[in-house]
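Reading the structure
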Number of protein chains: 2
Amino acid sequence: MSLIVVGSVALDSVETPTEKREDVLGGSAVYFSYAASFFTTVRLAGVVGEDWPAEHTELLESRGIDTTGLQVVSGGKTFRWRGKYMKDMNDRETLDLQLNVLADFDPLLPESYRHCKYLFLANGSPTHQLKTLDQCQGARLVVADTMDFYIRSERNGLLELLKRVDGLVLNDSEAKLLTDDDNLVRAGNIVRGMGPKFVVIKKGEHGAIFFGENETYVLPAFPTPDVVDPTGAGDSFAGGMMGYLAERDCFDPKTLKEALAYGTLTASFTVEDFSLDRLQAIERKDLDRRMEEYRKMLSF
Amino acid sequence: MSLIVVGSVALDSVETPTEKREDVLGGSAVYFSYAASFFTTVRLAGVVGEDWPAEHTELLESRGIDTTGLQVVSGGKTFRWRGKYMKDMNDRETLDLQLNVLADFDPLLPESYRHCKYLFLANGSPTHQLKTLDQCQGARLVVADTMDFYIRSERNGLLELLKRVDGLVLNDSEAKLLTDDDNLVRAGNIVRGMGPKFVVIKKGEHGAIFFGENETYVLPAFPTPDVVDPTGAGDSFAGGMMGYLAERDCFDPKTLKEALAYGTLTASFTVEDFSLDRLQAIERKDLDRRMEEYRKMLSF
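Worth saying up front: this structure is predicted, and the values here are computed from it rather than measured.

A short note on the overall build of chain A
Along the backbone of chain A there are 11 helices and 13 strands. Its C-alpha radius of gyration of 18 Å places chain A within 12% of the 19 Å reference for a compact globule of 300 residues. The buried share of chain A, taken over its 300 residues, is 52%. Across chain A, contacts joining residues at least 24 apart in sequence account for 65% of those joining residues at least 6 apart.

Quick look at the sheet that holds strand β6 (residues 79-85) of chain B
Residues and elements named next belong to chain B. Across the sheet, which stays open at both edges, the four strands sit in the order β3-β2-β6-β7 with mixed pairing between neighbours. Of all the strands in the sheet, the pair left with one neighbour each is β3 (20-26) and β7 (92-98). Neighbour-to-neighbour, the strand axes of this sheet turn through a mean angle of 20 degrees, independent of strand direction.

Section: the interface of chain A and chain B
Every contact between the two is made by 26 residues of chain A and, on the other side, 26 residues of chain B. Those elements that place two or more of their residues in the side of chain A that touches chain B are α7 (184-193), β13 (216-219) and α9 (253-270) of chain A. Split by residue class, the side of chain A that touches chain B holds 13 nonpolar, six polar and seven charged.

A few points about the nonpolar core
In this structure, Val5(A), Phe120(A), Met242(A), Ile4(B), Phe120(B) and Met242(B) are the most contacted members of the largest nonpolar core, which totals 193 residues. Residues in contact with Val5(A), not counting those within four places in the same chain, are Ala29(A), Phe32(A), Ser33(A), Val42(A), Leu44(A), Phe120(A) and Ala122(A).

As for the relation of the copies chain A and chain B
Copy one and copy two of the chain differ by a rotation about an axis and a translation along that axis. For the match of chain A to chain B, the screw axis carries a shift of 0.0 Å, the RMSD comes to 0.0 Å, and the turn is 180 degrees. Here the symmetry operator amounts to a two-fold rotation axis. When the interface residues of chain A are mapped onto chain B, 100% of them are again interface residues, pointing to one common binding face.

Remarks on the sheet that holds strand β13 (residues 216-219) of chain B
Residue and element names in this part refer to chain B. With respect to topology, nine strands assemble into an open sheet ordered β5-β4-β1-β8-β9-β10-β11-β12-β13, the strand pairing being mixed. The sheet terminates laterally at β5 (65-73) and β13, the two strands that pair on one side only. Geometrically, the sheet is characterised by an average inter-axis angle of 15 degrees between neighbouring strands, direction not taken into account. As paired strands, strand β1 (residues 3-6) and strand β8 (residues 118-121) are joined by four bridges and run parallel to one another. Looking across to β8, one finds that Leu3 is bridged to Tyr118.

Comments concerning the confidence of the model for chain A
Of all residues in chain A, 100% have pLDDT values of 70 or greater, and the mean over the chain is 96. Predicted as a complex, the structure gets a pTM of 0.92 and an ipTM equal to 0.86.

Some remarks on unusual backbone geometry
Notably, Asn100(A) is not glycine yet its phi reads approximately 50 degrees, a positive angle. Summarising the element assignment, Asn100(A) is placed in the loop between β7 (92-98) and β8 (118-121). Judged by local crowding, Asn100(A) falls into the buried class, with 20 C-beta atoms found within 10 Å. With a phi close to 45 degrees, Ser275(B) is a non-glycine residue in the positive phi region. Here Ser275(B) shows up in the loop between α9 (253-270) and α10 (277-280).

Some thoughts on α7(A)
Residue and element names in this part refer to chain A. Residues of α7 that are buried include every one of Leu184, Val185, Ala187, Gly188 and Val191, and no others. When α7 is viewed along its axis, its buried side chains cluster within an angular range of 165 degrees and face the same direction. In this structure, the buried side of α7 is in contact with β10 (167-171), α6 (172-179), β11 (198-202), β12 (208-211) and β13.

Overview of the pairing of strand β2 (residues 10-15) of chain A
Residue and element names in this part refer to chain A. Across five bridges, β2 lies against strand β3 (residues 20-26) in antiparallel orientation. In the strand pairing of β3, Glu15 is matched with Lys20. Here β2 folds back onto β3, and the loop between the two strands holds four residues. The sheet contact formed by β2 and strand β6 (residues 79-85) spans six bridges and is parallel. Within β6, the position partnered with Asp12 by the bridge is Trp81.

Quick notes on the rules
Residues numbered from 1 in each chain as written. Chains lettered and ligands numbered in written order. Predicted model: local features only at pLDDT ≥ 70, side-chain atom pairs only at ≥ 80, totals over all residues. Helix = DSSP H or I, 4+ residues; strand = E, 2+ residues; numbered from the N terminus. Rg over C-alpha atoms; globule rule 2.2 N^0.38 Å. Buried ≥ 20, exposed ≤ 12 C-beta atoms within 10 Å, placed from the backbone. Contact = placed C-beta atoms within 7 Å. Pairing = 2+ DSSP bridges. Axes fitted to C-alpha atoms, helices over the stretch in contact; angles between N-to-C directions. Nonpolar A, V, L, I, M, F, W, Y, C, P; charged D, E, K, R; others polar. Core = buried A, V, L, I, M, F, W, Y, C linked by C-beta atoms within 7 Å. Least-squares fit on C-alpha atoms with pLDDT ≥ 70 in both. pLDDT = per-residue confidence, 0-100. Arc of directions from axis to C-beta.

This is the structure we're talking about:
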């Protein structure tokens, strides 16, 4: 089923305690769409500058990702993020952020995108997210992400968005910030009270908590000793989750839970190398194999 | 089956962001034995002073906990801990610590304790833990806890202990400190290489990771919105775990996993009120009911 993602497309420079990478492929829409491409076809919308390497677009297209909605701004520069991970790989510091072409991004979707059934509004300004949503009135399932910056700077827009989406995924510190409550179980329920039918709080290496109408549950992360670069884990989680829902064309509670598990496992591969390197090295059957291990891990 | 715990018996003063309690019943051996008493009979060894309220001993005995090994020092004062929890209830600060009678504690076990099959060496000096172990040569399963203070101050004694125990439970920051590795999956395996057949890393609100000979798995905490006081959660976890193993008189991988789940759930009740208040309000059937919810939560 058609799945659309609108979000950032970036060149990332990442420093970990042991290694460095310069200007590697990144951005929320990129991680999301690559992760989702294990499950379904994806249409990506975003913006890049003239400096965007053609091979990145080719890579995405080789995965069946439709890049018709990827605007290329002549004379513009691609969004750049530079960050550094601390020793424990959980905390990170943004060393530099250049919005570049993202600053003036107008999320105008191609006509072919507008009849999508599944829509993911990746991290971005609530104003942009709402504008995107207006173009996809018929979507059956709309899920959004957000971040601390917009919770602080565009709270009203975000609250308006929350009334119009089916689901929200956000990380633990963002949930605490949005609700001013430090208990994640309470925080998740408060966010659900703001509008979304379901809320997923991502806890990085500690997994995710789901809040639905009739159930709250926690799924742990898959324990991996090879955390090389956590960048994009949250977007890969969302991509795996939405990709699976679109593949199954269903989002009842049972399918949602399986989707959360697939999101968890997709993210567990992403962190095992820089950029999309690890995801490029695996196939769907590797995800399914890890799913079997994960199910076994959680049964007793 | 006979289960022995040797550890601290304390009067705790606890401050949370919203409430305060003075001189309430606490200590690792107390939380452990009360938690284990849902599953089996427990023999407790520890030390208190003359100021120890008789009703605390009566409470423990009412649960079938054998307190023959609880030494009462005439003229002595009971170990006291005073702590304060921060807003998010995860971080805490020790405001005052008075070892009192614990400073000269000699863990000499009553004869009736020495033929135990299950032994838990709660948090304490490795010298004391080794001395206790020497008195229970026939124990079939010996599990220890430790803490940052002893990892720093008695590392050699701790390493000697690790060669002689079957299992170690410790929390995430302690595992990182002991191994100088910030990846918990690697850290757990390194600790296992130091001797224990299995290692459990407790992650508080994020659950626990198990490292055994043939498997590594994560069990999440049970999501509770009512975290009132986290004191004793780790000891209740160990008590629920060891209590279940002693009840089943088995510690094969399958039973160990069930035991970890029961430990998780016992701890989830402990944090819902101060001291032992919540555990006093529940029965075994409440644990079993939560176990059903927990199994359902983890299956998909």
